Amino acid sequence: MNKMLVTLFTSCLFFQLIQSPVTTPLGLIMLKTTSEELACPREDLSVARKEELRKLLLDQVQTVLGLLTGILESIWDKHSVTAATPPPSPSSGESGGDLLSSLLQSPSAAKLLNQPIPILDTESEYICSLALECLAHLFSWIPLSASITPSLLTTIFHFARFGCDTRARKMSSVNGSSQNSVLGQERGRLGILAMSCINELMSKNCVPMEFEEYLLRMFQQTFYLLQKITKENNAHTVKSRLEELDESYIEKFTDFLRLFVSVHLRRIESYSQFPVVEFLALLFKYTFHQPTHEGYFSCLDIWTLFLDYLTSKIKSRLAGKEAVFNRYEDALVLLLTEVLNRIQFRYNQAQLEELDDETLDDDQQTEWQRYLRQSLEVVAKVMELLPTHAFSTLFPVLQDNLEVYLGLQQFVVTSGTGHRLNITAENDCRRLHCSLRDLSSLLQAVGRLAEYFIGDVFAARFNDALTVVERLVKVTLYGSQIKLYNIETAVPSVLKPDLIDVHAQSLAALQAYSHWLAQFYSEVHRQNPEQFISLVSTALEAITPLISSKVQEKLLLSACHLLVSLATTVRPVFLIRIPAVQKVFNRITDTSAQRLPDKAQVLVCRALSNVLLLPWPNLPESEQQWAVRSTNHASLISALTREYRHLKSSAILPQRKVRLEDTKVIIHQTLSILEDTVESISGESTKSRQICYQSLQESVQVSLALFPAFIHQSDVTDEMLSFFLTLFQGLRVQMGVPFTEQIIQTFLNMFTREQLAESILHEGSTGCRVVEKFLKILQVVVQEPGQVFKPFLPSIISLCMEQVYPIIAERSSPDVKAELFELLFRVLHHNWRYFFKSSVLASVQRGIAEEQMENEAQFSAIMQAFGQSFLQPDIHLFKQNLFYLETLNTKQKLYHKDLPSFTQNVHRLVNDLRYYRLCNDSLPPGTVKL
């Protein structure tokens, strides 16, 4: 087949078929087939033959492109002449105006663009569609920079105009016949095919020989199409025009604009004669008249690319800030204002109510959340470029909505069952709903901008940030004091969630400014400590009433996260002395108080632990009061683990089912707190980790004592091993060698082959997780430098190769395999001298050391396991293990060793792959392949 196509392609017969009107369609079909077959030759061809085919094809590319260009141009010209329609007047809405004429530097060229799109007969449309399909496929593999001419580009863009021609669609709908409908669809399809060709060119970053003219024509045509699509007249608004066009064409055109901005805008923008601002104005119209949400999202992505380009241009000092701002300031302010309007019900209620706020997508966000997030990203990027303008645009809008929220207090009345919001008229409730939704969105916007008030710009933007933080502190306290989240409303299913969300978002926005508060504490608070202390104290007054099991979880968690940020990021020395914080300490250690939901309990305990463990900023070591803080932390952990520590005495007794479930709850609740406590300070100073381990020491010993009693309860074992893994990663130095050895030995004794088989084969995903975490702990152990844990290496390797590997080797499931092979890699990587001993002197003298092999049986078993893994179908494991072996070869010259079983398996793998490829290539289409 390939040979026949090559013969046809390189002979005159091929071109004669295309050039003869009768056989043109057949010639084009054969051309496309040839491109598809020969651009990706069969696997069984030799490299030399593939290169020969490619050269034969490339020798004919210019001729083929010339033929295709000629076909398209001749059909266009023929029907343009036939149409004999005079150019439309400017009032008809088709004129590009003086701007296009000046851009094209030739009135005749502008006139050519403004000619009506020709009406093609069915055969001509069919031939053009075949020619465009050929071009699209050729563009996917030929070297474009050497092949594309400005005239070819212009011709393709001519056909792209078919996609934005609404006349064909109107004719087919008015005339109603099925034939007219098909004709309308074909004309639209020509536009889609042409845009596919253009996007193929754009995505390859084509830079042809006549680059300046290519760039000029690219911009001309882009400008023209964008102008045509967004043209308003008596018959059309921009949105109605976009709704009339084929959805696929709009998608292709938006893709084109994205590629144009990302690939060519930096080149075009450097030419002062190109009207880039006018192009942005057209893009603005195109963006904000999109008929679908997806279309709008895609356009926001284009603006994000443009804003990133401006930001990087300023940062790399390719242009002065003033020059960039002078050129684009008006466009950016307009963009910011419109994006802000689009997220507000006040201006965009109909569209926003269409957004789904319940169904989660693959990124675990609803359509509404995605809409808001993408909009706020644009707002944030404008803020980075124009901080003053952005703040002065956003803050007054926030202020307006805050006034409505803060004014609700006057409508709160006392009723028999509590407090009620005395707003009942349907219209008033609807307006309040919209205002609260807008306030929630604007609070998120203000939070998103927090990063632009810190660092080098802290002092310059201090007053604006202080205004925001003072306002947020006031709003959070107001919400907590009058308990709007518990108030009765006329429309509880709507207004109550709105009030809860506003309160939660105000806390989240304040949390976003925790880094600003930390910088305030470090740099300014000595000048005005009362102001800083007031902000933090008031924020804590807002938090404390919300730390309750009676508060809705969304609001409770927002309060907890803010508390954690104040304790962890800001860390003021006076925090523990604030009555509100002491109240939280008492609440969380009171066994008679109702426990918070798990997530909230963990967060509050993290905050309180960090208040005592983390070093205070701006103070020397001698003033850190470690002794007092250590005592207080020990008391906190003791109170939190009281029930857990009492389990030790009953662990050896057989447990009734009811009691077992109660015990499991205690273990889960305690270990989740302790694990989080360790994790949150694992990267902190030695002193913090020492105090933490002293407080946890008894609980750690209890955990080890309990472990054997629960070895057959995989859910409990899973949580215990998670805790021990966190301890090994964060506090192994503080645990000390003797106790660490005791833990390792206990685990090695408990995980017998029978227990491993039970976990992996019979306990499902939880059992596999248990084994995976055990292997992760061993990974930490074998990486430890020095000789302390080296005595465990034989036992660890034996466990891997004699107990775990036989169980999982032939299983198709990927469970446990990745962790096992990572452990084996760590054993080799960090303990090479356990297997090969060589002296540095020998390697210097001989160039390559004569390494003496030890523990050969274990090493060979590991290598055989790696080799066997390459014969299994798990591609992720294949990739991982190949990386491990390459790393070992780079560091230790692994492939220079004589490893017969490993080498044999690699050779088998390569031979099998070749065999499968040959078999697959010989099978008929549609057959299930090997």
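- The chain is annotated in an unreviewed UniProt entry as Exportin 6 of Chrysemys picta bellii.
- According to the UniProt record, the Sequence similarities (unreviewed entry) comment for the chain is "Belongs to the exportin family."

**Quick look at the overall build of the chain**
Turning to step 1, where the next piece is worked out: The helix and strand inventory of the chain stands at 42 helices and four strands.
Turning to step 2, where the next piece is worked out: Across the 930 residues in the chain, those meeting the buried criterion constitute 52%.
Turning to step 3, where the next piece is worked out: The long-range share in the chain, meaning contacts at least 24 apart out of those at least 6 apart in sequence, stands at 75%.
Turning to step 4, where the next piece is worked out: Working note: accessible area of the chain is about 42700 Å², and carbon and sulfur atoms make up 52% of it.

**Focus on the layout of surface pockets**
Turning to step 1, where the next piece is worked out: Within this model, the largest pocket holds a volume of roughly 590 Å³.
Turning to step 2, where the next piece is worked out: Secondary-structure elements contributing two or more residues to the lining of the largest pocket are helix H19 (367–385), helix H21 (426–448) and helix H23 (492–512).
Turning to step 3, where the next piece is worked out: Of the residues contributing to the lining of the largest pocket, the split by class is six nonpolar, nine polar and nine charged.
Turning to step 4, where the next piece is worked out: What lines the second largest pocket is a set of 17 residues, among which Lys 321, Glu 384, Leu 385, Pro 387 and Arg 461 lie closest to the centre.
Turning to step 5, where the next piece is worked out: Looking at the lining of the second largest pocket, the elements that each hand over two or more residues are helix H16 (293–315), helix H17 (321–342), H19 and helix H20 (387–406).
Turning to step 6, where the next piece is worked out: Of the residues assigned to the lining of the second largest pocket, the class counts are eight nonpolar, three polar and six charged.

**Considerations on the pattern of salt bridges**
Turning to step 1, where the next piece is worked out: Enumeration according to the criterion identifies 25 salt bridges in this entry.
Turning to step 2, where the next piece is worked out: Here Glu 36 makes a salt bridge to Lys 32, at a shortest N to O gap of 3.8 Å. Of this pair, Glu 36 and Lys 32 both sit in helix H3 (residues 24–39), separated by four residues, roughly a single helical turn.
Turning to step 3, where the next piece is worked out: Taking the shortest distance from any N to any O, the salt bridge between Arg 189 and Glu 133 comes out at 2.5 Å. Taken as a pair, Arg 189 in helix H10 (residues 178–203) and Glu 133 in helix H7 (residues 122–139) lie far apart in primary sequence, 56 residues in all.
Turning to step 4, where the next piece is worked out: Taking relative accessible area as the criterion, Arg 189 reaches 34% and is therefore assigned partly exposed.
Turning to step 5, where the next piece is worked out: Assessed through its relative accessible area of 16%, Glu 133 is described here as buried.
Turning to step 6, where the next piece is worked out: Overlapping salt bridges bring together Lys 32, Glu 36, Glu 133 and Arg 189 as one network.

**Topic: the packing of aromatic side chains**
Turning to step 1, where the next piece is worked out: All told, the structure shown has 47 aromatic pairs when counted by the stated rule.
Turning to step 2, where the next piece is worked out: An angle of 45° between the planes, with centres 5.9 Å apart, marks the rings of Phe 253 and Phe 256 as tilted. Here the residue Phe 253 and the residue Phe 256 both occupy positions in helix H13 (residues 247–263), the gap between them amounting to three residues, near one helical turn.
Turning to step 3, where the next piece is worked out: A ring pair is formed by Phe 462 and Phe 520, whose centres lie 5.3 Å apart and whose planes are at 75°; its orientation type is edge-to-face. Of this pair, Phe 462 sits in helix H22 (residues 462–482) while Phe 520 sits in helix H24 (residues 514–523); the two residues are 58 residues apart in sequence, bridging distant segments of the chain. For the pair shown, Phe 462 and Phe 520 are each scored as buried.
Turning to step 4, where the next piece is worked out: Among the aromatic side chains, those forming a connected cluster through ring pairs are Phe 157, Phe 219, Phe 223, Tyr 249, Phe 253, Phe 256, Phe 260, Phe 279 and Tyr 286.
Turning to step 5, where the next piece is worked out: Here the basic side chain of Arg 437 rests over the ring of Trp 368, its NZ or CZ set 4.8 Å away from the ring centre.
Turning to step 6, where the next piece is worked out: Taking the ring centre of Trp 616 as reference, the NZ or CZ of Arg 629 above it sits at 3.9 Å.

**Section: the confidence of the model for the chain**
Turning to step 1, where the next piece is worked out: Residues of the chain with pLDDT of at least 70 account for 85%, and the chain-wide mean is 85.
Turning to step 2, where the next piece is worked out: Confidence drops under a pLDDT of 50 for residues 82–101, and excluding neighbours within four residues, the segment shows 25 contacts in the predicted structure.
Turning to step 3, where the next piece is worked out: Note on residues 170–182: pLDDT under 50 across the span, and eight contacts to partners over four residues away in sequence or across chains.

**Here we look at the environment of Asp 330**
Turning to step 1, where the next piece is worked out: Among the secondary structure elements, Asp 330 is positioned in helix H17.
Turning to step 2, where the next piece is worked out: Remark: the alpha-carbon pair of Asp 330 and Val 277, spanning 53 residues in sequence, is separated by 9.4 Å.

**Focus on the environment of Tyr 224**
Turning to step 1, where the next piece is worked out: Residue placement: Tyr 224 occurs in helix H11 (residues 211–229).
Turning to step 2, where the next piece is worked out: Considering only alpha carbons, one finds Tyr 224 and Phe 157, 67 residues apart in sequence, at a separation of 9.8 Å.
Turning to step 3, where the next piece is worked out: Reaching out from Tyr 224, the side chain makes a polar contact with the side chain of Arg 161 at a distance of 3.4 Å.

**Quick notes on the pairing of strand S2 (residues 418–421)**
Turning to step 1, where the next piece is worked out: Strand direction decides the pairing type here: strand S1 (residues 412–415) and S2, joined by four bridges, are antiparallel. The residue bridging Ser 415 from the neighbouring strand is Gly 418, located in S2.
Turning to step 2, where the next piece is worked out: Between S1 and the antiparallel strand that follows it, S2, lie two residues.

**A look at unusual backbone geometry**
Turning to step 1, where the next piece is worked out: Despite not being glycine, Asn 618 shows a phi value in the positive range, around 70°.
Turning to step 2, where the next piece is worked out: Mapped onto the secondary structure, Asn 618 falls in the loop between helix H28 (598–613) and helix H29 (626–640).
Turning to step 3, where the next piece is worked out: What makes Asn 618 partly exposed here is its relative accessible area of 33%.
Turning to step 4, where the next piece is worked out: Unusually for a residue other than glycine, Lys 893 sits at a positive phi of about 55°.
Turning to step 5, where the next piece is worked out: Considering the arrangement of structural elements, one finds Lys 893 in the loop between helix H41 (875–892) and helix H42 (900–922).
Turning to step 6, where the next piece is worked out: On the basis of relative accessible area, Lys 893 is assigned to the partly exposed category, the value being 41%.

**Some points on the nonpolar core**
Turning to step 1, where the next piece is worked out: Phe 139 and Trp 516 are the most contacted members of the largest nonpolar core, which has 208 residues in total.
Turning to step 2, where the next piece is worked out: Those residues in contact with Trp 516, other than ones at most four positions away along the chain, are Phe 453, Ile 454, Phe 458, Phe 462, Ala 465, Leu 466 and Val 469.
Turning to step 3, where the next piece is worked out: Core analysis: the second largest hydrophobic core is formed by 89 residues, Ile 667, Leu 748, Val 780 and Phe 792 among them.

What counts as what
- Residues numbered from 1 in each chain as written.
- Predicted model: local features only at pLDDT ≥ 70, side-chain atom pairs only at ≥ 80, totals over all residues.
- Heavy atoms only, no water.
- UniProt positions renumbered as here; feature names shortened; annotations may be inferred.
- Helix = DSSP H or I, 4+ residues; strand = E, 2+ residues; numbered from the N terminus.
- Buried < 20%, exposed > 50% of the residue type's maximum accessible area, 1.4 Å probe, protein only.
- Contact = heavy atoms within 4.5 Å.
- Areas by Shrake-Rupley, 256 points an atom, 1.4 Å probe, with all protein chains shown as cover.
- 1 Å grid on protein atoms, 1.4 Å probe; cavity = no way out; pocket = protein on both sides within 12 Å on 5 of 7 lines; lining within 4 Å.
- Points joined across faces, edges and corners; volume = space filled by probe spheres on them.
- Nonpolar A, V, L, I, M, F, W, Y, C, P; charged D, E, K, R; others polar.
- Salt bridge = Lys/Arg side-chain N within 4 Å of Asp/Glu carboxyl O.
- Phe/Tyr/Trp six-rings, centres within 6.5 Å; stacked < 30°, edge-to-face > 60°.
- Lys NZ or Arg CZ within 6 Å of the ring centre and 35° of its normal.
- pLDDT = per-residue confidence, 0-100.
- Polar contact = N/O pair within 3.5 Å; in protein donor to acceptor, adjacent residues only side chain to side chain.
- Pairing = 2+ DSSP bridges.
- Core = buried A, V, L, I, M, F, W, Y, C linked by side-chain atoms within 4.5 Å.

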